[in-house]
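Geometric and topological summary
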Amino acid sequence: MVGSVVVYNDKIIGEGWHQKSGEAHAEVNAINSVKDKSLLEKSTIYVSLEPCSHYGKTPPCADLIISQTIPKIIIGCLDPNPEVAGRGVKKLLEAGRKVMVGILEEKCQTLNKRFFTIHQKNRPYIILKWAQTKDGFIAPNNQQTGKPFWITSTASKQLVHKWRSEEQAILVGTTTVLKDNPQITNRHWEGKSPVRVVLDQHLKIDKTAAIYDDSAKTIILTSLKNKIPAANQNILFELVDFEKNLPQQICEVLFKHKIQSVIVEGGAQTLNTFIQENLWDEALVFRGSINIKTGVKAPNFDFIATKSHSINQDLLSYYYND
């Protein structure tokens, strides 16, 4: 996610952003939008991420900036991709251009927090998400199988589906699937549904469950090598050792599949495992208005919220693991 503007005499004369993977980068779109190209040799180009220096799906943006004789380049942050990682800046400096790096750096890094995490930590950006009752439970003890227990409002549910459309994967445990039979798609919001990642150590989940439909790609994590059924195009199976560090193994599988972000939606055991390993980046916690007095306890989460706000009768709190 990159944005760029071209400025001449303190006025923006061109702007662009990277709209889709494989298409023109932000700098290309910004330069192409400038009507009077003669002004480029007296302009400054601002870009939130270091211009690329290599041939990937598109030609190097650093080469384009040089060829257009733009004299000054302001860069928000360096690109952590090993194929770039300072090479774009080096190329611009060697061409005699004036380059400034680190302007609004933290905001530019936050914009691409998923991209930075996958390159710097070799794992996806991890978002924990759950809803709990006012008295601290996520489900009743006597929940009817196949019937989800709703704690939050319709508006909160729709927001969750919006979040799903913005991330690459969503993870749930066996118990959640057996109790709720969730579809785990963003059917209440536009956009592509995330890859469904399901923990099923002993392959207990019946093949008629909703997670086995064709609505989204699904990765099943199991320990039963000899019982893995033949996968169709949308269903993949990956072996993991449930007796070892499971969150780390999950991250390795997702990294293998080039997944940059994942929402961990539950259940409580799965969420607690990630919390205990301190393997999370962000947590989104809904607190509903109902009390149930007894049930499955919400995750043990002793952190201070960065911000909170109301959605109808619900309270949504945001946490960031610094």
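Going by the annotation in an unreviewed UniProt entry, the name recorded for the chain is Riboflavin biosynthesis protein RibD, with Planktosalinus lacus given as the source organism. Per UniProt, the chain carries the Function (unreviewed entry) text "Converts 2,5-diamino-6-(ribosylamino)-4(3h)-pyrimidinone 5'-phosphate into 5-amino-6-(ribosylamino)-2,4(1h,3h)-pyrimidinedione 5'-phosphate."

Side chains three or four residues apart in an α-helix point the same way, a direct result of the helix having 3.6 residues per turn. Taking 1.5 Å of rise per residue, 13 residues should cover 18 Å, and helix H6 (residues 154–166) covers 19 Å from first to last C-alpha, within 8% of that figure. Every buried residue of H6 is accounted for by Ser 156, Val 160, His 161, Trp 163 and Arg 164. All buried residues of H6 fall inside an arc of 155° around its axis, so they share one side.

Within strand S3 (residues 44–49), 5 of the 6 residues are buried, which leaves it mostly tucked inside the rest of the structure. Pairing geometry for strand S1 (residues 3–8) and S3, over 4 bridges, is antiparallel. When the bridges of S3 are listed, Val 6 appears paired with Ile 45. Where S3 lies against strand S4 (residues 72–77), 5 bridges are found, and the strand directions are parallel. Across the sheet, the residue bridging to Val 47 is Ile 75, located in S4.

Pairing in this open sheet of 5 strands is mixed, and the strands run S2-S1-S3-S4-S5 from one edge to the other. Each edge of the open sheet carries a strand with a single partner, namely strand S2 (11–17) and strand S5 (98–101). The average angle at which neighbouring strand axes cross in this sheet is 15°, direction not considered. Each of S4 and S5 touches helix H3 (residues 87–94); the most contacted strand, S5, lies at about 155° to it.

The subject of this paragraph is the sheet that holds strand S9 (residues 195–199). Strand order in the open sheet formed by 9 strands is S11-S10-S9-S8-S12-S6-S13-S16-S15, and the pairing between neighbours is mixed. Edge positions in the sheet fall to strand S11 (235–239) and strand S15 (307–311), since each has one partner strand and no second. In this sheet, neighbouring strand axes are inclined to one another by 20° on average, regardless of whether the strands run parallel or antiparallel. For S15 and strand S16 (residues 314–320), the ladder comprises 5 bridges, and the chain directions are antiparallel. Opposite Ile 311, over in S16, you have Asp 314 as the bridge partner. Sheet strands in contact with helix H9 (residues 268–276) are strand S6 (125–132), strand S8 (169–172), S9 and strand S12 (261–266), and its direction is about 135° off that of S6.

Conventions used here
- Residues numbered from 1 in each chain as written.
- Predicted model: local features only at pLDDT ≥ 70, side-chain atom pairs only at ≥ 80, totals over all residues.
- Heavy atoms only, no water.
- UniProt positions renumbered as here; feature names shortened; annotations may be inferred.
- Helix = DSSP H or I, 4+ residues; strand = E, 2+ residues; numbered from the N terminus.
- Expected span 1.5 Å × (residues − 1).
- Buried < 20%, exposed > 50% of the residue type's maximum accessible area, 1.4 Å probe, protein only.
- Arc of directions from axis to C-beta.
- Pairing = 2+ DSSP bridges.
- Axes fitted to C-alpha atoms, helices over the stretch in contact; angles between N-to-C directions.
- Contact = heavy atoms within 4.5 Å.

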